[in-house]
Amino acid sequence: MSLLTDALRLAVARGDRAFIPFLAAGFPDQETSERALRAVAVAGADAVEIGIPYSDSLADGPVVQGAYHRAIERGQTLSRTLEMVGRLTRDGFPPVILMVAYNVIFRVGLSRFAALARAAGASAVLPPDLPVEEWCALAGALAEHGLDGIRLVAPTTTQERLPAIVGSATGFVYYISRKGVTGVQSELPEGLEEAVRRVRAASPVPVAVGFGISSPEQAAAVGRAADGLVVGSALVKALDSPADPIGRVRALATGLRVALTGLGPLPPSTP
Amino acid sequence: MNASTAPEELVPDSRGYFGRFGGRFVPETLMTAVGELTAAYERLERDSAFHAEFERLLRDYVGRPTALYLASRLSAHVKPGIRIYLKREDLCHTGAHKINNALGQGLLARRLGKRRLVAETGAGQHGVATATVASMLGLECRVYMGTEDMERQAPNVFRMRLLGAEVVPVDTGSKTLKDAINEAIRDWITNLDTTHYLLGSVLGPHPYPRMVRDFQSVIGSEARRQLMEAEGRLPDWIVACVGGGSNSIGIFHSFLESRSVKLTGVEAGGQGLATGLHAARFAGGSPGVLHGCMSYVLQDEDGQIRPTHSVSAGLDYPAVGPEHAYYQDRGRIDYVAATDSQALAAFDSLARLEGILPALESAHAVAHVVEAGKSLPEGSIVLVNLSGRGDKDLQTVAREKGFTPATGTFAPRP
């Protein structure tokens, strides 16, 4: 059992739901990025997702894209990101998930990328543009280096595809809450709870939900069905502020942490 | 398809692979949609009513077959005794080969019950073709276009608007075709139920590279028949420009099996390969994933996509269709580059010698023939795909040549 799976299970065992904040490495600048990551960890993250800036991230909306472009313009290379992850994970940091475009992994080399991620102290790798049909080689490379590979399930995933995706899932399964790209939305999609239950019933590992969720109210609602919640764009947006960006990120993260705390036992998954 | 025109191997395979290239590298949200599209396309392939409708509209609406023209003065200019034929895709309705694919996919979208088309465009030719087909079929249309391309291909922006399409400026990244594709895919992810993504080149996740190739292969099958009628034999050499690679695959496809025919794709050499300001993926790129498929990509050591440069918006793209990568690996198709200035010179030559203003994209193919045709033996037959016409590029060419409308004179820049 992986550290990451344990972290999510532990949160649920406490009667909470796992809080998984996402931030883009190197945004708005290297120093603030590192401070913000420490701030969300201190606010009670169970795991932290770090986005490796990419020039052409297909599944991201304007907020995360903008953050990636700005980070790249300011010289955020892969090695700088991995160095930062190394500093963060040196002591007492929650498990780190690296969200990274498959081309970056492929270009560096599957096995070499896994070795670098492991050496930096990461727990998992999440390639948002790699469907299950193309996972085989990467799964092997990650397993060889003791890393989890996070797979995504979408609202459009058919009942036929689902077992192939979750059957060999590691860490947790990431359920994409809506048809669309990342970004803050005012409403939760209809039927979300039911959909998450369906995925959870099929999955051997916990299920976390992300895409478009930003408010404590939405977080608590998602917590009725899911083991955990990923919040990204809202935090990135909070960080994009001249006045006290760290304070704003901390406030939002704390609010989300509270909303995901004390929700009681999660109903058992029923197939 | 008879034996003499069959591809040398059945590619792509059922997973969309051309050897090690192609495949499907898209977010999970799209996987069901690309699966359904593949199934629908495979059904239509066997549907004779669909083919009849497609062929009827290619004839009556697009104006096919397009002419095959023996460019005598250009031939003599390059090397006396050779014969250069131009496949006149510039004479298609809307002014480029792009309409062949837009029509095929438009008919497919209608059969899928989609009421909305989204497309990307670089030079604007694919955007115009999609807007045209949407109008003809009564579908909504939205076209994403980089702001840099909107400026250099302004007439096409106006044309799309006149045809009733919405044109959305894309101001992210390099502000060109690559970024327009990103935005079109994001739109598609968000509006899957109502929308068909009408991708304009042999790129993207399976089934696009195959489907677009099939719709464009009419170029080569016509040219083959026309040349056999005119010359009684196959050409020695076929040359086409390669951006994403749809016009080139379209003309090459019927000749892949014919080993005596040399096939050359011409990429954008921009300001020269040594300057780094180009879009020559085979000369300067490496295998990678962009926009849903594995192919040759211009990228840095971290896998970040590199900016490209070309005077022609349609070739200004950092990846190339996976089928091209496959045939380059196998040595069946050669890839070379022509620079901006070579393409502009070829534009002039074709205008002055043949009375044809080619698209700057197509001018790259002409440029390579002007350059390399000098060493051809007497009696050689060359086939060039003139993929589009140059009306959209007049503003760019005027600027490059320092044209002053008030005096009607050119003042070339140093």
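Parameters and conventions
Residues numbered from 1 in each chain as written. Chains lettered and ligands numbered in written order. Predicted model: local features only at pLDDT ≥ 70, side-chain atom pairs only at ≥ 80, totals over all residues. Heavy atoms only, no water. 1 Å grid on protein atoms, 1.4 Å probe; cavity = no way out; pocket = protein on both sides within 12 Å on 5 of 7 lines; lining within 4 Å. Points joined across faces, edges and corners; volume = space filled by probe spheres on them. Helix = DSSP H or I, 4+ residues; strand = E, 2+ residues; numbered from the N terminus. Nonpolar A, V, L, I, M, F, W, Y, C, P; charged D, E, K, R; others polar. Contact = heavy atoms within 4.5 Å. Phe/Tyr/Trp six-rings, centres within 6.5 Å; stacked < 30°, edge-to-face > 60°. Buried < 20%, exposed > 50% of the residue type's maximum accessible area, 1.4 Å probe, protein only. Lys NZ or Arg CZ within 6 Å of the ring centre and 35° of its normal. Buried area = accessible area lost by both parts, 1.4 Å probe. Salt bridge = Lys/Arg side-chain N within 4 Å of Asp/Glu carboxyl O. Polar contact = N/O pair within 3.5 Å; in protein donor to acceptor, adjacent residues only side chain to side chain. Expected span 1.5 Å × (residues − 1). Pairing = 2+ DSSP bridges. Axes fitted to C-alpha atoms, helices over the stretch in contact; angles between N-to-C directions.

**Q** Help me understand empty space enclosed by the protein in this model?
**A** In this approach a probe as big as a water molecule rolls over the atoms, and the regions it shows empty are the leftover space. Counted by the stated rule, this structure contains six cavities of 30 Å³ or more. Roughly 340 Å³ of volume is contained in the largest cavity. Around the largest cavity, the lining comprises 29 residues; the ones closest to its centre are His97(B), Lys98(B), Ala123(B), Gly314(B) and Glu361(B). Those elements giving two or more residues to the lining of the largest cavity turn out to be β5 (116-121), α5 (125-137), α8 (177-190), α11 (246-252) and α15 (360-372) of chain B. Across the lining of the largest cavity, the residue classes break down as eight nonpolar, 17 polar and four charged. Space inside the second largest cavity adds up to approximately 190 Å³. Around the second largest cavity, the lining is made up of 21 residues, and of these Tyr174(A), Thr182(A), Phe211(A), Gly232(A) and Ser233(A) lie nearest the centre. If you list the elements that add at least two residues to the lining of the second largest cavity, you get β9 (228-231) and α11 (233-239) of chain A. Here the residues of the lining of the second largest cavity sort into 13 nonpolar, six polar and two charged.

**Q** Would you mind going over the environment of Arg115(B) with me for this structure?
**A** Residues and elements named next belong to chain B. Topologically, Arg115 is positioned in the loop between α4 (98-111) and β5. Taking the C-alpha atoms as reference, Arg115 lies 6.2 Å from Glu140; in sequence the two are 25 residues apart. Discounting residues that sit within four places of it in the chain, Arg115 has contacts with Leu139, Glu140 and Thr194.

**Q** Which parts of the structure should I look at to understand the packing of aromatic side chains?
**A** Any aromatic ring pair is given by two values, namely how distant the centres are and how the planes are angled relative to each other. Taken as a whole and judged by the stated rule, the model has 15 aromatic pairs over all chains. When the centroid spacing of 6.1 Å and the interplanar angle of 85° are considered together, the rings of Tyr174(A) and Phe211(A) count as edge-to-face. Taken as a pair, Tyr174(A) in strand β7 (residues 173-176) and Phe211(A) in the loop between β8 (207-210) and α10 (216-222) lie far apart in primary sequence, 37 residues in all. We classify Phe211(A) as buried; its relative accessible area is 10%. A ring pair is formed by Phe403(B) and Phe410(B), whose centres lie 5.3 Å apart and whose planes are at 45°; its orientation type is tilted. Take Phe410(B): its relative accessible area is 44%, and that puts it in the partly exposed class. The structure contains a cluster of three or more aromatic residues connected by ring pairs, namely Phe21(B), Phe282(B), Tyr296(B) and Tyr335(B). A cation sits over an aromatic face here: Arg151(A) above Trp135(A), 4.8 Å from the ring centre.

**Q** Please clarify how the interface of chain A and chain B should be interpreted in this entry.
**A** Interface extent is often summarised as the accessible area lost during association of the parts. Listed per partner, the contact involves 37 residues of chain A and 37 residues of chain B. Taken together, the two surfaces of chain A and chain B that pack against each other cover about 2900 Å², and 50% of this comes from carbon and sulfur. By the criterion of area lost to chain B, the three top residues of chain A are Asp56(A), Leu58(A) and Arg107(A), representing 23% of everything that side buries. Put simply, chain A and chain B have four salt bridges between them. Among the ionic pairs, Arg161(A) bridges to Glu28(B), the shortest N-O distance being 2.9 Å. Applying the counting rule to chain A against chain B returns 22 residue pairs in polar contact (both at pLDDT 80 or more). Of all the elements in the fold, those that place two or more residues in the side of chain A that touches chain B are α3 (62-73), α5 (102-108) and β6 (151-153) of chain A. For the side of chain A that touches chain B, the leading source of residues is α5(A), giving six residues.

**Q** Is there a simple way to explain α3(A) in this structure?
**A** Between its terminal C-alpha atoms α3(A) stretches 16 Å, which fits the 16 Å expected from 12 residues at 1.5 Å a residue. Inspection of α3(A) places Val64(A), Gln65(A), Ala67(A), Tyr68(A), His69(A) and Ala71(A) among the buried residues, and these make up the whole buried set. On its buried face, α3(A) is in contact with β1 (18-24), β2 (48-51), β3 (96-99) and α11 of chain A together with α8 of chain B.

**Q** What exactly am I supposed to notice about the sheet that holds strand β10 (residues 262-270) of chain B here?
**A** Hydrogen bonds between backbone atoms are what pair the strands of a sheet, whose relative direction is either parallel or antiparallel. Residues and elements named next belong to chain B. Strand order across the open sheet formed by six strands is β3-β4-β14-β9-β10-β13, with mixed pairing between neighbours. The sheet is open, and its two borders are formed by β3 (68-70) and β13 (333-339), each paired with just one other strand. Taking the axes of each pair of neighbouring strands and ignoring which way they run, one obtains an average angle of 25° across the sheet. Both strand β9 (residues 237-241) and β10 contribute to a ladder of five bridges, which runs parallel.

Everything listed here is a matter of geometry and, on its own, says nothing about what the molecule does.
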